[in-house]
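Below are the chains, spelled out letter by letter.
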Amino acid sequence: MTQQSPTSQAVERLRALGDRELLAFFNEVTSKTSRELLRVLPSVDGFRKDSAASLPKRKQALLHHFLKKGGAPKANKERADLAYYYLWRAWAEQHLKDVEGLAALLDAIENATAKDHPQVVTEKPQAEIEALFRSLHEQSFLNNCAAETITRLLQFSPFETTDTLERLVSSAKPLVAVERDRELSILPKRMQGYEELLKSLHRDVERSSGEVARLAETVTGLLARPAPVVEESASRHALETVLAELAAVRKELETHGEAVARVSAAADGRLKAVERSVADLEALWSDIEDRATKHTEELQQRLTEIAERVGQLGQNTSPAPVQTDSLSVASTPSLRIVPLAQRPDPIKALATGTEAAALLTSNYAALGLKSPGAAIFAEEVLAAAVTGRVLFLKGSFSTELARATAMALAGNHMVRARVPVGFVDAATLDTDVVAALGKQDGMIGALVLERVNNAPFELLGDVIADLVRDASVLVVATLADGVSTFPEQPLYLQLGPVFDADVLDWSIFPKANATVSAGALASLDPKALLMQLSRGKAQTEELLRLLRRDRSLRNPRIERTATAFMSTLEGFRTSNAPTSLQSTAYGWLWPLWRMTGLASEDIEEELDGGRIDSEGHVDTRLQLLLDLAGIRRE
């Protein structure tokens, strides 16, 4: 495919539409083009190149190329252009499938691009583009497409929107008129069908009338026959023969009488159906006339408004724009890193994992978490902190939990950042956090990254990984729940668990005036924190089997992170309720299976109502997750 690369004007237009509109346009391509889309869309980590499950993520990756400041890198620009053009063409072929010769018109644009001839690469196939939209304009008056669809095709096209193209689109036949004319065009066929139905009913009545006449003749003949004279000496056999003949005639009369009744009832029913259909057609015609009149009035009003605005523009005079040599800077939402509010209370030095878990438990109880759930969750958070140094919290109390966690482990060395909607540049996040933390005096620092799913996580994942690898920093991220957020993805689980705080055991009436306390850890090394308190061995083989439950997906990095968490928790936790596998299912298995779309019955089978590997303990968090998703069997 020799595609038309998006012009600079088209790129600016697409960026102005915003990520939500572009993603909605991508998702409108639902025809059978999965294999071709996988071939051209940008690849993403965690998915095979031919995995259909990666389509949503790869569409988001393409979206990132177009919204990123400065455009896609040069090495990826040609591939991104090809992918976008392919999506645009697939959308056209799907939503304009009734347009005659559409494929030939699109091929003409591609052939005119002339990528095989470098000397004419910069020429735009404007004549072929105008031919496409002129044909669509004509086809709209044949009821094969509507102005609204043509407008959307031009709006998301990689072409420049010239006055000629806008004039062709605006003068095309609107959808309300196309639908009205389509309804009118099928009226003759529907009326013809009703005529054929009436003729069939008439034939049925004539056939039944003939049967009734024949029966009447038979009865008349029987009545005209002289009554047989039966001698007293006649045999009994002769009498039985006459009675049998009379019974047969009576039965035949009854059978044909029932047939006539059924035909008459069917004829009445069909006639009533015809009458209802005619009434529906009359109502449809009246509704179409009303809609056409209303649409005409709206068009008249819009034309009047446009004429008034043109007149106003003609009267206004404005100075010519001042040309400067400075580069224009695109304004994008920024990521502000600010210190978390400090408490005047003294900071408690934490030397062991047991002390850290106790302070976390105290802070969670102050927020309203009930016991023993607060202690169990504290152990899980600490295990995640020392193994991957990243964890994600979701739910209505996620922000409070994240800040209480950071305060318990990092004391004064904690900052927060809230990811704004539309954020696209995280290149300096790691260095900005280190600069904001300042001198840590041998203690760990913490970053509370709020609403992390307001932006594609591909922008933040590598930077967060660099931050926790190169600096002694813990990252506690929160996930928002709203229309502007991006869906959760397995890339989160490569770094740490996703804990759903809404299924924890919260008190409806928390203690009044309860406050969280600050602590300071000098290390995130499990050995230095003396976290090997038991000799229990984690069931890592069973965990790996469950992580690979979806045979179409395998992510070794998730397997490594989850296994390290489970092994650390198994050695640190002295109780078996819940088990370390149940805790890992809460933070890793459940979110992974929901992200990848594992069948509900398979999830229920593996979680076993919240038991998994425990014979006597049901993890109420898993049980509630199953209930909320509506997939738990009683």
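What comes next concerns the included structure. (Residues numbered from 1 in each chain as written. Predicted model: local features only at pLDDT ≥ 70, side-chain atom pairs only at ≥ 80, totals over all residues. Heavy atoms only, no water.)

Glancing now at the environment of Ile-337. Residue position: Ile-337 is located in strand S1 (residues 337–339). Not counting the four nearest positions on each side in its chain, Ile-337 is found in contact with Val-415, Arg-416, Ala-417, Leu-429, Asp-432, Val-433 and Ala-436. (Helix = DSSP H or I, 4+ residues; strand = E, 2+ residues; numbered from the N terminus. Contact = heavy atoms within 4.5 Å.)

This brings us to the packing of helix H20 (residues 580–596) against helix H22 (residues 620–629). When two helices pack together, their arrangement is given by the angle between their axes and by how far apart the axes lie. It is at 10 Å that the axes of H20 and H22 come closest, and there the two elements cross at 20°. Considering the angle they form, H20 stands roughly parallel to H22. Of the residues in H22, those in contact with Gln-582, Ser-583, Ala-585, Tyr-586, Trp-590 and Arg-594 of H20 are Arg-621, Leu-622, Leu-625, Leu-626 and Ala-629. Among the residues making up the contact of H20 with H22, the classes are represented as 7 nonpolar, 2 polar and 2 charged. (Axes fitted to C-alpha atoms, helices over the stretch in contact; angles between N-to-C directions. Parallel < 35°, antiparallel > 145°, perpendicular 65-115°, else oblique. Nonpolar A, V, L, I, M, F, W, Y, C, P; charged D, E, K, R; others polar.)

The end-to-end C-alpha distance of helix H14 (residues 398–410), which contains 13 residues, comes to 18 Å, matching closely the 18 Å that a straight helix rising 1.5 Å per residue would cover. Of all 13 residues making up H14, 10 are buried, and the element is well covered by its neighbours. Taken together, the buried positions of H14 are occupied by Ser-398, Leu-401, Ala-402, Ala-404, Thr-405, Ala-406, Met-407, Ala-408, Leu-409 and Ala-410. Backbone geometry just after H14 places Gly-411 at a positive phi near 55°. (Expected span 1.5 Å × (residues − 1). Buried < 20%, exposed > 50% of the residue type's maximum accessible area, 1.4 Å probe, protein only.)

Further remarks concern empty space enclosed by the protein. If a probe the size of a water molecule is rolled over the atoms, the empty space left behind becomes visible. Counting across every chain of the model gives 4 cavities of 30 Å³ or more. Lining of the largest cavity is provided by Leu-547, Leu-553, Arg-554, Asn-555, Ile-558, Glu-559 and Leu-592. (1 Å grid on protein atoms, 1.4 Å probe; cavity = no way out; pocket = protein on both sides within 12 Å on 5 of 7 lines; lining within 4 Å. Points joined across faces, edges and corners; volume = space filled by probe spheres on them.)

The next subject is the pattern of salt bridges. Following the criterion strictly, the structure yields 24 salt bridges and no others. The residue Arg-573 makes a salt bridge to Glu-379 at a minimum N-O spacing of 2.9 Å. With Arg-573 in the loop between helix H19 (556–572) and H20 and Glu-379 in helix H13 (residues 373–387), this pair connects stretches of sequence that are 194 residues apart. Comparing Arg-573 with Glu-379 shows no difference in burial state: the two are buried. Here Asp-466 makes a salt bridge to Arg-469, at a shortest N to O gap of 2.7 Å. Residue Asp-466 and its partner Arg-469 are located together in helix H16 (residues 461–470), separated by 3 residues, close to a single helical turn. A residue is classified by how much of its surface remains accessible, and Asp-466, at 27% relative accessible area, is partly exposed. Each of Glu-379, Glu-380, Arg-573, Asp-619 and Arg-621 takes part in salt bridges that share partners, so that together they form one network. (Salt bridge = Lys/Arg side-chain N within 4 Å of Asp/Glu carboxyl O.)

Adjacent strands of a sheet form backbone hydrogen bonds with each other and so pair up, either parallel or antiparallel. Here 6 strands make up an open sheet; going across it, the order is S1-S4-S5-S6-S3-S7 and the pairing mixed. One side of each edge strand has no neighbouring strand; the edge strands of this open sheet are S1 and strand S7 (498–500). The mean inter-strand angle of the sheet, taken between neighbouring strand axes irrespective of direction, is 25°. Pairing between strand S5 (residues 445–450) and strand S6 (residues 473–479): 5 bridges, direction parallel. Residue pairing for S6: Ala-446 is matched across the bridge by Leu-474. (Pairing = 2+ DSSP bridges.)

Attention now goes to unusual backbone geometry. The amide bond that connects Ser-371 to the next residue, Pro-372, takes the cis arrangement and shows omega of 5°. The residue Pro-372 is located in the loop between helix H12 (353–367) and H13 in this model. Phi is positive for Asp-441, which is not a glycine, with a value near 55°. Of note, Asp-441 is situated in the loop between helix H15 (429–437) and S5.

On to the packing of H13 against H19. Axis separation between H13 and H19 bottoms out at 9 Å; the angle between their running directions is 130°. Judged by the inter-axis angle, H13 sits oblique to H19. Here H13 runs over H19; the crossing is right-handed. Of the residues in H19, those touching H13 at Glu-379, Glu-380, Leu-382, Ala-383, Ala-384, Val-386 and Thr-387 are Ala-564, Phe-565, Thr-568, Leu-569 and Phe-572. The class makeup of the residues in the contact of H13 with H19 is 8 nonpolar, 2 polar and 2 charged. (Left-handed = near helix turned anticlockwise from the far one by under 90°.)

This paragraph deals with the nonpolar core. Counting 106 residues, the largest nonpolar core has Tyr-364, Phe-377, Phe-392, Leu-409, Phe-457 and Leu-460 as the members making the most contacts within it. When sequence neighbours within four positions are dropped, the list of residues in contact with Leu-409 reads Leu-350, Ala-356, Leu-360, Ala-385, Ile-444, Leu-474, Gly-519, Ala-520 and Leu-521. If you look at the next biggest cluster of nonpolar residues, it comprises 44 residues, including Phe-26, Tyr-85, Val-99 and Leu-154. (Core = buried A, V, L, I, M, F, W, Y, C linked by side-chain atoms within 4.5 Å.)

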